[in-house]
Amino acid sequence: GPASAAGPGTNHATDDPFTSSRTAWFRDAKFGMFIHFGAYSQYEGEYTRPDGTVCRNAEWIKRSCAIPTAAYETAARQFNPSAFDAQAIVSAAKNAGQKYIVITSKHHDGYAMWPTKQNTWNLRDHSSFSPDRDILAELKTAADAQGIKLGFYYSIWDWHDPDFPNADTFPKYRTRMYAQLKELIDNYDPALLWFDGEWDTDNPVNRWSRQDGAELETYLRGLDPGLVINNRVGKRRVVDGDYGTPEQTIPGAPVDGQLWESCMTLNNSWGYAKHDTDWKTATTVVQNLLDISGRSGNYLLNVGPDKLGRVPAASLDRLDDVGRWLSTAGQGSAVYGTGGATGLVADPAWGAVARKGHAKLYASVFTPSWPAAGQALHLTAKVPFTVNSARVLNSSGTVTVTKAGDGFDLKPSGGPVDGAASVIELSITPPS
Ligand code: JFZ
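Residues numbered from 1 in each chain as written. Predicted model: local features only at pLDDT ≥ 70, side-chain atom pairs only at ≥ 80, totals over all residues.

### Points about the overall build of the chain
Part 1 of the reasoning: Secondary structure summary: the chain contains nine helices and 18 strands in total.
Part 2 of the reasoning: Its C-alpha atoms give the chain a radius of gyration of 23 Å, near enough to 22 Å, the size a compact globule of 432 residues would have.
Part 3 of the reasoning: Seen along its three principal axes, the alpha-carbon backbone of the chain occupies a region of about 70 × 50 × 40 Å.
Part 4 of the reasoning: Taken over 432 residues, the chain has a buried fraction of 48%.
Part 5 of the reasoning: When contacts within the chain are restricted to residue pairs at least 6 apart in sequence, those whose partners lie at least 24 apart make up 70%. (Helix = DSSP H or I, 4+ residues; strand = E, 2+ residues; numbered from the N terminus. Rg over C-alpha atoms; globule rule 2.2 N^0.38 Å. Buried ≥ 20, exposed ≤ 12 C-beta atoms within 10 Å, placed from the backbone. Contact = placed C-beta atoms within 7 Å.)

Listed below in structure tokens is the structure:
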């Protein structure tokens, strides 16, 4: 595409991501599944060096454990994710209440998870996988059938392509990268592209310029004007894309005036790592989702399938529990169809608040903070409004609301409902 001088904060879409119908599904989605799956998964997080010592990592194992390219290529030859079950994965996401899936189509190791025509470093041509299968096509079919949006992570940074590191040959790499992205768009019609690796390409300096990012975004929007694109397109994120991507953290909202999505692991690894059993609880996941959606963000929660393509049981268990909480007697009302409430109320220490339309607030009280009998929670109002009534979802409990100090005291009649959080629905008359 034509080069345009992108300034910081440039979005190459012609519409406003906050209000465009193009991004409506993304703004409504709130909760998605990230999948880190690639040639690195074959190691399952452990590389045994020639001297017998073991080095542990996940999707960065080639770099972090200094695996020689020949050894890594040999491992990739064995890669046979025969148990990858797209329908089961999409069902797990759907039952968890996730509305979209973003899978690594190519991570930093450069290995393409679809039968790209641009090289042979891919799951079709360099693996032990059935040549009749294409996991991205399988995911697309399953996602369409179950009403789930599908997006692709794509690393701009490439450790494998020999043309990547040199100034002279970088344009050849970029041409192949553009062709790969066109393949992804033409063959799988993704709803979203999630770039990464723009932050450092260390060979020896970041070759990915701001202008490269601007051109790439323009190119992609030319191929598919409907795409939602994250902000890791241009060097150091000076090209905004549609939304910001804080990682492993929950910021206030909005982030730099953008839509945002917080991505997090379920344990401490993105790719599968058999040694990593430090799982977050379903309670933590639910509370993170409430915190994030109450601040107008999306939550992209990662799973890392093992070398056969199976999502770890510990991950599936947690997704199941989160889905059960969301679907129980309307608890999902606190998440779906909401926007942030940060314009009306202060973010409470006892939980999270979201707003739906003009006249409803959902105050989610994290279970340990549920008040003891006779005690009240304080809700700080940033602007004056009236509370007309309040009730606890999924409970016969009532809530007495009184004006107090800089806001309201909420006094529930009974105990919390089971699970991560209890939701108080407030009917309000907003400030005029
Ligand atoms: C990147 C990848 O390197 C990592 O393997 C994983 O895919 C993750 C989702 O994204 O890691 C990052 C990217 C950006 C930052 C930190 C780690 N950052 O900006 O702080």
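The structure having been displayed, the exposition proceeds.
### Some remarks on unusual backbone geometry
Part 1 of the reasoning: Phi is positive for E44, close to 50°, though the residue is something other than glycine.
Part 2 of the reasoning: Take E44: it is sitting in the loop between β1 (31-35) and β2 (46-48).
Part 3 of the reasoning: Positioned with a positive phi, A329 is a non-glycine residue whose angle comes to about 35°.
Part 4 of the reasoning: Structurally, the position occupied by A329 is in the loop between α9 (313-327) and β11 (339-340).

### Re the confidence of the model for the chain
Part 1 of the reasoning: For the chain, per-residue confidence averages 92 on the pLDDT scale, and 93% of positions sit at 70 or higher.
Part 2 of the reasoning: Of the regions scoring below 50 in pLDDT, residues 1-9 engages in 18 contacts with residues more than four places distant in sequence or in other chains.
Part 3 of the reasoning: Note on the complex model: pTM 0.95, ipTM 0.95. (pLDDT = per-residue confidence, 0-100.)

### Thoughts on the packing of helix α8 (residues 282-294) against α9
Part 1 of the reasoning: Look at α8 against α9: their axes get within 9 Å of each other, and the N-to-C directions meet at 50°. Relative to α9, the element α8 is oriented oblique. As for the relative orientation of α8 and α9, their crossing is right-handed in sense. Contacts between α8 and α9 involve A282, V285 and V286 from the former and R318, D321, V322 and W325 from the latter.
Part 2 of the reasoning: The residue inventory of the contact of α8 with α9, partitioned by class, reads five nonpolar, no polar and two charged. (Axes fitted to C-alpha atoms, helices over the stretch in contact; angles between N-to-C directions. Parallel < 35°, antiparallel > 145°, perpendicular 65-115°, else oblique. Left-handed = near helix turned anticlockwise from the far one by under 90°. Nonpolar A, V, L, I, M, F, W, Y, C, P; charged D, E, K, R; others polar.)

### Let's talk about the nonpolar core
Part 1 of the reasoning: Residues I101, V102 and L139 are the most contacted members of the largest nonpolar core, which totals 113 residues.
Part 2 of the reasoning: For L139, the residues in contact, after removing those within four places along its chain, are A86, V90, I101, I103 and L150. (Core = buried A, V, L, I, M, F, W, Y, C linked by C-beta atoms within 7 Å.)

### Quick look at the environment of Y299
Part 1 of the reasoning: Inspection of the secondary structure assignment puts Y299 in strand β10 (residues 297-303).
Part 2 of the reasoning: Classification of Y299 as buried rests on a count of 23 C-beta atoms within 10 Å.
Part 3 of the reasoning: In sequence terms Y299 and S422 are 123 residues apart; their C-alpha atoms lie 20 Å from each other.

### Thoughts on helix α6 (residues 170-188)
Part 1 of the reasoning: Spanning 19 residues, α6 covers 27 Å between terminal C-alpha atoms, matching the ideal 27 Å at 1.5 Å per step.
Part 2 of the reasoning: Of all the positions in α6, only Y173, M177, Q180, L181, L184 and Y188 are classed as buried. Down the axis, α6 shows its buried residues gathered within 95° of arc, on one side only. When the buried face of α6 is taken as reference, the exposed residues oriented beyond 90 degrees from it are P171, T175 and D186.
Part 3 of the reasoning: Contacts from the buried residues of α6 go to β4 (100-106), α5 (135-146), β5 (149-155) and α7 (210-223).
Part 4 of the reasoning: Residue D189 follows α6 closely and has a positive phi angle near 45°. (Expected span 1.5 Å × (residues − 1). Arc of directions from axis to C-beta.)

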